[in-house]
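# Geometric and topological summary
This is what each chain is made of:
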Amino acid sequence: MLTNWSGNHRFAAARVHRPTTVEELQAVVAGAERVHALGSRHSFTDVADTAGDLVVTADLPEEIAVDAERRQVRVSGGVTYGRLAAELHAQGWALATMASLPHISVAGAVATGTHGSGDRIGSLAAAVAGLDLVSADGSLRSVRRGDPDFDGHVVALGALGVATHVTLDVEPTYDVRQDLYTDLPWGVALERFDELTASAGSVSLFTDWAGADVAQVWLKSRDTTPPTDLFGAPAAVGTLHMLTGADLEAVTDQGGVPGPWHERLPHFRMAFTPSRGEELQSEYLVPRARALEAVAALRSLAGRFGPLLQVSEVRTVAADRLWLSGAYDVDAVALHFTWVRDVPGVYAVLPAIEETLLPLGARPHWGKCFVAGADELRLLYPRFEDFRALAQRVDPDGVFRSDFLARTLDLG
């Protein structure tokens, strides 16, 4: 039985296909009543599931083609970010950001609005300049930045087609250093929040919400000059993992040693199993203007969800114009939860968290655990109805529809 990475979801699809050519993929889609693309299976919900046919794109021919003049790369959708990053660096190019896991596929990460961290850095999807898709009838079509409805196609949850290739913006390669600090008092973190998140290109705060301190602060910077201070917080001694007792070999190099961007921006090394695997995750992107309210609310709720929590991470994401992005039209602060793998327990506490965060404008990460349905979500996305209309126009027969899309976007 096919499951997702953490093992909490068993795919319900009647059939699983692994096409090795785009033509085979086209034939599968054209012959299916219901079909959905499956990426690297790192989502924690049924976002990539279907009652019909699943198509795995990882076995399609690999393409990583850089256009130096346009500063773009065209990559097969099933390629992982780790593989793409290594090849880009070898050719002297780089991405502006990466997620904490390099193991995720390009098309899947883009389609769910996955992100890294940085006040001035958008999500992975913000780098998309073009998509090549297999449509519901099996035909090929392309959309490019500037085309009508392009901003509705990028974070699309598989509702508009199967991505064969994604075109991304790139830039010349660069080095990054990673410095860690511990035990930063929450009072200082909140009072100087803007300075804190601006103290490096990428900043991650790790917390259990209950303690008086932010347990760990991870700074990733292109500036290879050693930082002088982080508001009095002590520098980490030795390598740290954000999860107590986890394998230190799995995390990327710390200690301020500069290295290639793709070996520092992710939290985890490509060669190791990321995190613990047996876990659940949730995440909510709250407008930056409401972030301090959200933090205060979560600290007050910590006693209710604390026994289920392994760790939380706080990051920032720059605004974009992608219709279903968690950062649509607003700079956002991402509040991430890594839970123990207790499905009933986690889903029992999520309503209280959402009752607190959603009124602040928080948007759930599409690929992680949440309970909000279409009625709640349409209030959070100004282009919600525009996306529904686009999906109905592009896929009038509902070939790419699923239980997830019916529940969250009212696309039955």
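The structure this text deals with has already been given above.
Let me sum up the structure you'll find in this document. Remember, it's a predicted structure, so these values are computed and weren't measured experimentally.

Once that is clear, we can look at unusual backbone geometry. In this model, Asp 183 sits at a positive phi of 55°, which is unusual for a non-glycine residue. Summarising the element assignment, Asp 183 is placed in strand β11 (residues 175–185). Within the chain, Phe 231 stands out as a residue other than glycine whose phi angle is a positive 55°. As for its position among the elements, Phe 231 is in the loop between β13 (213–221) and β14 (259–260).

As a further point, take the pattern of salt bridges. For the structure on display, the rule yields 27 salt bridges. Where Asp 253 meets Arg 264, a salt bridge forms, and the shortest distance between an N and an O atom there is 3.8 Å. Here Asp 253, found in the loop between β13 and β14, pairs with Arg 264, found in the loop between β14 and β15 (279–287); they are 11 residues apart in sequence, far enough to count as distant. Exposure remark for Asp 253: the relative accessible area of 32% places this residue in the partly exposed category. Among the salt bridges present, the one from Arg 290 reaches Glu 293, with a minimum N-O distance of 2.5 Å. When its relative accessible area of 30% is taken as the criterion, Arg 290 is described as partly exposed. In this structure, a network of salt bridges that share partners links the residues Asp 375, Arg 378, Glu 385, Arg 388 and Asp 410.

The next thing to look at is the packing of aromatic side chains. A full pass over the atoms with the stated rule returns 12 aromatic pairs. Considering the side-chain rings of Phe 305 and Trp 339, the 5.8 Å spacing of their centres and the 85° angle between planes classify their relative orientation as edge-to-face. Within this pair, whereas Phe 305 is found in helix α7 (residues 291–305), its partner Trp 339 is found in strand β17 (residues 332–340), the two being separated by 34 residues in sequence. Each of the two residues, Phe 305 as well as Trp 339, counts as buried. Through a chain of ring-to-ring contacts, the aromatic side chains of Trp 186, Trp 209, Tyr 284, Phe 305, Phe 337 and Trp 339 assemble into a single cluster. Above the face of the Tyr 174 ring, Arg 222 is positioned so that its terminal group lies 3.5 Å from the ring centre. The ring of Tyr 381 carries Arg 363 above its face, with NZ or CZ at 5.1 Å from the centroid.

Closest axis-to-axis distance for the α7/helix α8 (residues 343–357) pair is 10 Å, and the angle between their directions is 165°. It follows that α7 is roughly antiparallel to α8 by the angle criterion. Crossing of α7 against α8: the hand is right-handed. Of the residues in α8, those touching α7 at Ala 294, Ala 297, Leu 298, Leu 301, Arg 304 and Phe 305 are Val 349, Ala 352, Ile 353, Thr 356 and Leu 357.

The set of residues buried in helix α1 (residues 22–30) consists of Val 22, Leu 25, Gln 26, Val 28 and Val 29. Projection of α1 onto a plane perpendicular to its axis shows the buried side chains occupying an angular sector of 165°, all on one side. Exposed positions of α1 whose direction lies more than 90 degrees from the buried face are Glu 23 and Ala 27. Buried residues in α1 make contact with β1 (15–17), β2 (35–38), β3 (53–56), β7 (128–134), β8 (140–144) and β9 (162–169).

Among the 5 residues of strand β5 (residues 72–76), 4 are classified as buried, and the element is accordingly described as predominantly covered. As paired strands, strand β4 (residues 64–67) and β5 are joined by 4 bridges and run antiparallel to one another. Residue pairing across strands places Asp 67 opposite Gln 72, the latter belonging to β5. As judged from the 5 bridges shared by β5 and β9, these two strands associate in the antiparallel manner. Following the sheet pairing, Val 73 is matched in β9 by Leu 168.

About the thresholds
Residues numbered from 1 in each chain as written. Predicted model: local features only at pLDDT ≥ 70, side-chain atom pairs only at ≥ 80, totals over all residues. Heavy atoms only, no water. Helix = DSSP H or I, 4+ residues; strand = E, 2+ residues; numbered from the N terminus. Salt bridge = Lys/Arg side-chain N within 4 Å of Asp/Glu carboxyl O. Buried < 20%, exposed > 50% of the residue type's maximum accessible area, 1.4 Å probe, protein only. Phe/Tyr/Trp six-rings, centres within 6.5 Å; stacked < 30°, edge-to-face > 60°. Lys NZ or Arg CZ within 6 Å of the ring centre and 35° of its normal. Axes fitted to C-alpha atoms, helices over the stretch in contact; angles between N-to-C directions. Parallel < 35°, antiparallel > 145°, perpendicular 65-115°, else oblique. Left-handed = near helix turned anticlockwise from the far one by under 90°. Contact = heavy atoms within 4.5 Å. Arc of directions from axis to C-beta. Pairing = 2+ DSSP bridges.

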